[in-house]
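One letter stands for each residue in the lines below.
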Amino acid sequence: MALLSISGLVAGYGGITAVKGIDLAVEQGEIVTLIGSNGAGKSTTLRAISGLVRPRRGAISFSGQPITSLLPHKIVALGISQVPEGRGIFHRLTVRENLDMGAFQRRDREVGADMERVFALFPRLKERAGQTGGTLSGGEQQMLAIGRAMMARPKLLLLDEPSMGLSPILVETIFETVTNIRAQGTTILLVEQNAAMALEVADRGYVIESGVISLHGTGAELARDDSVRKAYLGEA
Amino acid sequence: MSFWLDQLVNGLTTGSIYALIALGYTMVYGVLQLINFAHGEVFMLGSFAGFGVIVAAGGADVSGPMVALVILLALVAAGAASAASATAIERLAYRPLRNAPRLAPLISAIGVSVFLSHLVDDGFLNGEGRYYPQVFPADTIEIGALTISYLQVFLMASSVAMMLGLSYFIRSTRTGKSIRAVSENRENASLMGIDVNRAIVATFIIGAIMAGFAGVLYGLFYSTIRGSMGFLPGIKAFTAAVLGGIGSIPGAVVGGYCLGLTETVGRELLNEIPGVNLPNEWRDVIAFGLLVVILIFRPTGIFGERVSKRA
Ligand SMILES: Nc1ncnc2c1ncn2[C@@H]1O[C@H](COP(=O)(O)OP(=O)(O)OP(=O)(O)O)[C@@H](O)[C@H]1O
Ligand SMILES: [Mg+2]
């Protein structure tokens, strides 16, 4: 049984249907990537999983349990965290408070130790622990967003374009972090426009075009595919 | 000299009440971008609950150390009644309209406000007011040229204590942080696992407790209470919240005191100008004149952020 399974998902906004009946599965321990161009429906898919948009049709289940009509905080409680597009940092809260928010539902005693782990992973955040989120640079905000999502100890981490707007070196760091997070046992669904990097770290990938899955396969297969190379890897 | 000190104390007294009520406006605006026009009636209901407790305890016959206990009970009852009514208003009048155009909940708020004030005035009291029993010792303290009543000392000190409590709550507790997160971005807060509805209800309850508390202080100080009593202090407190920057908690406090002082000290300062003689009734003119001026020249208020950031 897949950890996350989506079947026949249709979702949109008002008169717009952004996702037009997609099937997608993520197995325990995998990194799965969802690639596609602007407006293809990637974020809408993640928003539907997190309960931010209500699916019009289709079913989403997590560990076999249907989550299609749950409220967002209930979905977090089941073990799905999302780093949303644009990072979603609370600008008026300090770095430390942002991390606290990530652990909002946890009552155990290891929250402090987990925060130290995030600080060890991203020492820059430790230096800025008392600063408000709005004063961080884009890269620091992305680190904070990922660290904050990890504070929930999710089973499944949804990442929406974590490399967006970052320098090549930072992009490397972020993808390394993604690999490390998986190595520690967290399953990952990664939305990216940076297809080259995404396919390199992913076990499997899906290509979404205008709300429909046009292709899927292993990361290596997709990276070799002619249409993918043309459309997403910038090759002639 | 003593005249100006008296004005200062009067300004801080009314300012305390405005500040306490303004907190509820600004916090609800923070989480919902809604002007809760029924907040003045939440204040009124708290005032009546406190009145009920004091009357039940024997009214003006209460004396000695019992006074402290009765007032404490009145404050607790007021907080509870205000919190319960605010929770009901949120559930019945605002939540069903959460995704409606912004004008809809505003009209709903005005409807609730008119309904409650008339329900109390016409439904229960036949248009008559009630008089808060004067349980507080009428003694005054003199500090140099300043004469100040025990009641004023209690009113100002307890208001500050409530505001410090609120500030601690918002800054340091789990619920307080969830309220701040929801105020900044409801969707991102929900991705943290915050139950957004719960945070919104908590916001209404905290604002209501402050208003209920203010209701008792108002009754003790001004003595007459009625169903329509929430209208003017409510709209003044709203002015204070706008003055401080709606959505900002320190703004509501500073705005409340500024407005209280403008009405009293400001009016008397204007009277220093030869040929000007503004009687006490002018306080309302000054308060709302101030509102118009702020809305024209600095709509974001003292602590307000640029509106575009919220939109
Ligand atoms: N809040 C919204 N209201 C209306 N339409 C929306 C909204 N959000 C997205 N859309 C539309 O839905 C479609 C899919 O958008 P979505 O955000 O899922 O794309 P995406 O694949 O994440 O794109 P990008 O790579 O640019 O982030 C687009 O046509 C977009 O214009
Ligand atoms: Mg997107």
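In this text the structure is predicted, and so the values were computed from the model without any measurement.

1. A closer look at the coordination of the magnesium ion (ligand 2)
Those protein atoms acting as donors to the magnesium ion (ligand 2) are Ser43 of chain A (OG), Glu85 of chain A (OE) and Glu85 of chain A (OE), and they sit at 1.9 to 2.8 Å. Of this pair, Ser43 of chain A sits in helix H1 (residues 42–49) while Glu85 of chain A sits in the loop between strand E6 (80–83) and helix H3 (95–102), placing them 42 residues apart in sequence.

2. Details of empty space enclosed by the protein
Taken as a whole and judged by the stated rule, the model has one cavity of 30 Å³ or more. Size it by volume and the largest cavity reaches roughly 60 Å³. Together, Ser81, Gln82, Val83, Gly102, Ala145, Arg148, Ala149 and Ala152 of chain A together with Leu191 and Met192 of chain B line the largest cavity. Among the secondary structure elements, those contributing two or more residues to the lining of the largest cavity are E6 and helix H6 (138–150) of chain A. Of the residues that constitute the lining of the largest cavity, the class distribution is six nonpolar, three polar and one charged.

3. Some details on the interface of chain B and chain A
Contacts between the two partners involve 20 residues from chain B and, on the opposite side, 22 residues from chain A. Interface of chain B and chain A: buried area, both sides summed, is about 2100 Å²; carbon and sulfur atoms make up 55% of it. Taken together, the connections running from chain B to chain A amount to three salt bridges. Counting across the chain B and chain A interface gives eight residue pairs in polar contact (both at pLDDT 80 or more). Of all the secondary structure elements, the ones that give two or more residues to the side of chain B that touches chain A are helix H6 (174–184) and helix H7 (186–191) of chain B. At seven residues, H6 of chain B tops the list of elements feeding residues into the side of chain B that touches chain A.

4. Focus on the site of ligand 1
All names here are of chain A. Around ligand 1, 14 residues are found, and the nearest of them are Asn38, Lys42, Ser43, Thr44 and Glu85. Here an oxygen atom of ligand 1 sits 2.9 Å away from a polar atom, N or O, in the main chain of Gly41. Between ligand 1 and Glu161 there is a distance of 2.9 Å, counted from an oxygen atom to a side-chain nitrogen or oxygen. Calculation on ligand 1 without its partners gives an accessible area of 640 Å², and the protein chains cover 64% of this total. Those elements giving two or more residues to the shell around ligand 1 turn out to be strand E2 (16–26) and H1. With three residues, the top contributor of residues to the shell around ligand 1 is H1. Here the shell around ligand 1 is built from residues that sort into four nonpolar, seven polar and three charged.

5. A closer look at the sheet that holds strand E4 (residues 57–62) of chain A
Residue and element names in this part refer to chain A. In space, the four strands of this open sheet follow the order E2-E1-E4-E5, with antiparallel pairing throughout. In this open sheet, the two strands that pair with only one neighbour each are E2 and strand E5 (65–66). Note that strand E1 (residues 4–13) and E2 share eight bridges and pair antiparallel. By the bridge assignment, Ala11 is partnered in E2 with Val19. The sheet contacts of H1 involve E1, E2 and E4, and relative to E1 the element is tilted by about 115°.

6. Regarding the confidence of the model for chain B
Residue and element names in this part refer to chain B. When the pLDDT values of chain B are averaged, the result is 92; 97% of them are 70 or greater. Segment residues 307–311 is flagged for pLDDT under 50; beyond a separation of four residues in sequence, or across chains, it makes six contacts in the model. Both confidence scores are given for the complex: pTM 0.92, ipTM 0.95.

7. Overview of the packing of helix H2 (residues 39–56) of chain B against helix H3 (residues 66–94) of chain B
Residues and elements named next belong to chain B. Look at H2 against H3: their axes get within 7 Å of each other, and the N-to-C directions meet at 145°. As H2 packs across H3, the resulting crossing turns out to be right-handed. From H2, Val42, Leu45, Gly46, Ala49, Gly50, Val53 and Ile54 reach across to H3, where they touch Val70, Leu73, Ala74, Ala77, Ala78, Ala81, Ser82, Ser85, Ala86 and Ile89. Along the lines of polarity and charge, the residues of the contact of H2 with H3 split into 13 nonpolar, four polar and no charged.

8. Some points on the packing of aromatic side chains
Scanning the entire structure with this criterion turns up ten aromatic pairs over all chains. An aromatic cluster of at least three residues, connected via ring pairs, comprises Phe43, Tyr218, Phe221 and Tyr222 of chain B. One residue, Arg174 of chain B, lies across the ring of Phe104 of chain A, its end atom 4.1 Å from the ring centre.

9. Brief notes about the sheet that holds strand E8 (residues 187–192) of chain A
Residue and element names in this part refer to chain A. Read from one edge to the other, the open sheet built from six strands follows the order E6-E7-E8-E3-E9-E10, with strand pairing classed as mixed. Edge positions in the sheet fall to E6 and strand E10 (212–218), since each of these pairs with one other strand and no more. Averaged over all pairs of adjacent strands, the angle between strand axes in this sheet comes to 15°, irrespective of strand direction. In this sheet, E8 lies alongside strand E3 (residues 31–35) in parallel orientation, the contact comprising five bridges. Its bridge partner lying in E8, Ile31 is registered against Ile188. Sheet strands in contact with H6 are E6 and strand E7 (156–160), and its direction is about 175° off that of E6.

10. Side note on unusual backbone geometry
Residue and element names in this part refer to chain A. The phi dihedral of Ser63 falls on the positive side, at around 50°, and the residue is not glycine. With respect to the helices and strands, Ser63 occurs in the loop between E4 and E5. The phi angle at Ser210 is positive, at roughly 45°, despite the residue not being glycine. Along the chain, Ser210 falls in the loop between strand E9 (204–209) and E10.

11. Here we look at a nonpolar patch on the surface
Residue and element names in this part refer to chain B. A surface patch of nonpolar side chains, amounting to about 470 Å² of accessible area, comprises Met66, Leu69, Leu72, Leu73 and Val76. Looking at the secondary structure, you find Leu72 in helix H3. When its relative accessible area of 51% is taken as the criterion, Leu72 is described as exposed.

12. What about the environment of Val53 of chain A?
All names here are of chain A. Residue position: Val53 is located in the loop between H1 and E4. With 40 residues separating them along the chain, Val53 and Tyr13 place their C-alpha atoms 8.2 Å apart. Each residue touching Val53, except ones within four places of it in the same chain, is listed here: Ala11, Tyr13, Thr44, Arg47 and Ala48.

So, how was this worked out
- Residues numbered from 1 in each chain as written.
- Chains lettered and ligands numbered in written order.
- Predicted model: local features only at pLDDT ≥ 70, side-chain atom pairs only at ≥ 80, totals over all residues.
- Heavy atoms only, no water.
- Donors = N, O, S within 2.8 Å, 3.2 Å for Na, K, Ca; no water.
- Helix = DSSP H or I, 4+ residues; strand = E, 2+ residues; numbered from the N terminus.
- 1 Å grid on protein atoms, 1.4 Å probe; cavity = no way out; pocket = protein on both sides within 12 Å on 5 of 7 lines; lining within 4 Å.
- Points joined across faces, edges and corners; volume = space filled by probe spheres on them.
- Nonpolar A, V, L, I, M, F, W, Y, C, P; charged D, E, K, R; others polar.
- Contact = heavy atoms within 4.5 Å.
- Buried area = accessible area lost by both parts, 1.4 Å probe.
- Salt bridge = Lys/Arg side-chain N within 4 Å of Asp/Glu carboxyl O.
- Polar contact = N/O pair within 3.5 Å; in protein donor to acceptor, adjacent residues only side chain to side chain.
- Near = heavy atom within 4 Å.
- Areas by Shrake-Rupley, 256 points an atom, 1.4 Å probe, with all protein chains shown as cover.
- Pairing = 2+ DSSP bridges.
- Axes fitted to C-alpha atoms, helices over the stretch in contact; angles between N-to-C directions.
- pLDDT = per-residue confidence, 0-100.
- Left-handed = near helix turned anticlockwise from the far one by under 90°.
- Phe/Tyr/Trp six-rings, centres within 6.5 Å; stacked < 30°, edge-to-face > 60°.
- Lys NZ or Arg CZ within 6 Å of the ring centre and 35° of its normal.
- Patch = residues over 30% accessible without salt bridge, like charges linked within 9 Å, V, L, I, M, F, W, Y side chains within 5 Å.
- Buried < 20%, exposed > 50% of the residue type's maximum accessible area, 1.4 Å probe, protein only.

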